[in-house]
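Structure at a glance
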Amino acid sequence: MDKLVSLAKRRGFIFPGSEIYGGLAGMWDWGPVGSLLKKNYKDLWWKEMVQLRDDIVGMDAAIMMNTRAWEASGHTAAFTDPLIECKICHERFRPDKPDEVTTHEATHKGKKVEWTEPQKFNLLVKAYLGIIEGKQSEIFLRGEITNGVHVNFKNVVDSTRVKIPFGIAQIGKAFRNEITPGNFIFRSREFEQLEVQFYIKPDEAEGKKWFEYWKENRMEWFLKLGMKKENLRFRDHADDERAHYARLATDIEYNAPWGWQEMMGIHHRGDWDLSRHQQFSGKTMTFRDPHTNEEYLPWDIETSSGLERPLLFLLLDAYHEEDGRTFLKLHPKLAPYKAAVFPLLANKEQLVEKAREIYNGLKEDFMVAWDDRGNIGKRYASQDEIGTPYCITVDFQSLEDGMVTVRDRDTAQQERINMIDIKEFLTRKINY
Ligand SMILES: [Zn+2]
């Protein structure tokens, strides 16, 4: 983990938020390379969920919502963690994390530390909208992106051709006043979520069927992206730990350096959300089947994950040290750059010109990097560390026979390929 955090900063993946001002806890800024990785992940997810499926549509709801929506979903009342507070310095901690409590007590160097009883603390981040401060202009930044989908259920049904069962996919930022952000980007106060709310007929067998379907579907997704099977597992929630509205709930967990951790959730939410919004808004949320005229409040199977957690775990799985090399074995589809192009020598005009020609030709179809600094070894090393699958070098021989050296990130093997075949080569290798 320490090596990854250092690489992430050194190579432009992730910087601590507001670093020059001493930072802001739980905030991270994604750099030139990291923002590409993020975008690739989101694009792949969107393609799989929205573009390739006939039963899911996308949407993009506002971050700020009418406060009634949060009352309806129960967030203003129940979206809390019980916390205990140190009576010396008033820092708050989760009582179910005894390690953190002990570590904190040690910072008071032998003084007897007393703690308050566990108290609830709202995780929603407050903001003020409008020019007058006060209760009336008080709103919340969304603590999860789900609500923006449910409140638009009728709008989506009425404006599209969707029929139950169907899903609504969304990607967006959410904010939580986490008391103890930590483990790098694992627990942040600002993060992104990717969710599908999948609406089905209110029927026990349908509910079980789709719940199982989405469990397998999401596990398959992480495996396809190259996550190691032995680092993934399902963890079904016991009856007493499920949220009160959840009929069934499973996490997909990852075997992190600090133990098995939740990466995503699959939840059978029944009609909890739609019924609450119906009740609080006074607007009907039912679906009428166009063939049978049957009218009902649909059930919802939700698949929900953050963006930062899967990316952290994909990076951890991708991190390799072999034969003195450090490289990120990212799936080529996720890799920030698909290839890098080098002229063997930066001061030989003919080499630079030919390499530029290749680089410009690839740019239209792929995110490609250019590097003419230092020697080839250093250029390979820097591309390895950002996970670029192929490096293409133009040398003097290339000027005569049109062949270039293509070097593979994972094996460090080199082969000579005709420059007119490069585009086809990359297309084939990246879309496997
Ligand atoms: Zn203290």
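Residues numbered from 1 in each chain as written. Predicted model: local features only at pLDDT ≥ 70, side-chain atom pairs only at ≥ 80, totals over all residues.

**Focus on the overall build of the protein chain**
A count of helices and strands for the protein chain gives 14 helices and 23 strands. In terms of its C-alpha atoms, the protein chain occupies a principal-axis envelope of roughly 75 × 70 × 50 Å. Split into buried and exposed, the 432 residues of the protein chain put 31% on the buried side. In the protein chain, once contacts between residues fewer than 6 apart in sequence are set aside, the share between residues at least 24 apart is 64%. (Helix = DSSP H or I, 4+ residues; strand = E, 2+ residues; numbered from the N terminus. Buried ≥ 20, exposed ≤ 12 C-beta atoms within 10 Å, placed from the backbone. Contact = placed C-beta atoms within 7 Å.)

**So, the nonpolar core**
Among the nonpolar cores identified, the biggest contains 32 residues, and Leu311 and Leu314 are the most heavily contacted of them. Mapped onto this core, the elements with two or more residues apiece are β2 (28–30), α2 (32–51), β10 (190–200), β12 (248–256), β13 (259–270), α10 (308–318) and β18 (325–328). It is α10 that provides the largest number of residues to this core, a total of six residues. Once residues within four sequence positions are removed from consideration, Leu314 is found in contact with Leu225, Met227, Leu330 and Leu334. If you look at the next biggest cluster of nonpolar residues, it comprises 19 residues, including Ile164, Ala169, Leu274 and Phe287. (Core = buried A, V, L, I, M, F, W, Y, C linked by C-beta atoms within 7 Å.)

**Topic: the environment of Lys378**
Along the chain, Lys378 falls in helix α12 (residues 376–385). The exposure class of Lys378 is exposed, given the 11 C-beta atoms found within 10 Å. Put simply, Lys378 and Ile358 are 20 residues apart on the chain and 21 Å apart in space, counted from C-alpha to C-alpha.

**Examining the sheet that holds strand β20 (residues 368–370)**
If you trace the five strands from one edge of the open sheet to the other, you get β20-β19-β21-β22-β23, paired in mixed fashion. Here the strands that pair on one side only, and so sit at the sheet edges, are β20 and β23 (414–418). Going across the sheet, the axis of each strand differs from the next one's by a mean of 30°, ignoring polarity. Strand direction decides the pairing type here: strand β22 (residues 403–408) and β23, joined by five bridges, are antiparallel. Residue pairing in the sheet places Val406 in a bridge with Glu415 of β23. Taken strand by strand, helix α11 (residues 349–363) contacts β19 (339–343), β20 and β21 (390–394), and its axis lies near 165° from that of β19. (Pairing = 2+ DSSP bridges. Axes fitted to C-alpha atoms, helices over the stretch in contact; angles between N-to-C directions.)

**So, helix α9 (residues 272–281)**
Every buried residue of α9 is listed here: Trp272, Asp273, Leu274 and His277. The secondary structure elements touched by the buried residues of α9 are α3 (67–72), α6 (146–150), α7 (153–159), β13 and β16 (299–306). Positive phi appears at Gly282, one or two residues downstream of α9, with a value of about 75°.

**Description of unusual backbone geometry**
Among all residues except glycine, the phi angle is most often negative; among peptide bonds, the trans geometry is most common. A cis amide bond links Ile164 to the next residue, Pro165, at an omega of 5°. Looking at where Pro165 falls in the secondary structure, it is placed in the loop between α7 and β9 (166–175). Phi at Asn183 is positive, roughly 55°, even though this residue is not glycine. With respect to the helices and strands, the residue Asn183 is situated in the loop between β9 and β10.

**Examining the pairing of β18**
Alignment of strand β17 (residues 319–322) against β18, held across four bridges, turns out to be antiparallel. Bridge pairing in β18 links His320 to Phe327.

**A look at the sheet that holds β13**
Pairing is mixed across the open sheet formed by seven strands, whose spatial order is β3-β9-β10-β16-β13-β12-β11. What marks the edges here is a single partner per strand, and that holds for β3 (56–58) and β11 (232–236). Within this sheet the neighbouring strands show an average axis-to-axis angle of 25°, counted without direction. Sheet topology note: the β11/β12 ladder contains five bridges and is antiparallel. Within β12, the residue paired with Leu232 across the bridge is Tyr254. Strands β3, β9 and β10 of the sheet are contacted by α2, whose axis makes an angle of about 135° with β3. Where α10 meets the sheet, its contacts fall on β10, β12, β13 and β16, and the angle it forms with β16 comes to roughly 50°.

**Thoughts on the domain arrangement of the protein chain**
Assigned domains of the protein chain: these are domain 1 (2–64 + 142–317) and domain 2 (337–430). Once you take the C-alpha centre of each, domain 1 and domain 2 turn out to be 37 Å apart. (Domains from an automatic or database assignment.)

**Remarks on helix α5 (residues 98–107)**
Side chains that are three or four residues apart share a direction in an α-helix, a result of its 3.6 residues per turn. Little of α5 is tucked away: zero of the ten residues are buried. Residue Lys109 follows α5 closely and has a positive phi angle near 45°.

**Observations concerning the environment of Arg288**
Turning to its location among the elements, Arg288 is positioned in strand β14 (residues 287–288). A residue is classified by how many C-beta atoms lie within 10 Å of it, and Arg288, with 11 of them, is exposed. Along the chain, Arg288 and Val157 lie 131 residues apart, while their C-alpha atoms are 9.8 Å from each other. Once you skip the residues sitting within four places of it in the chain, Arg288 turns out to touch Asn293 and Glu295.

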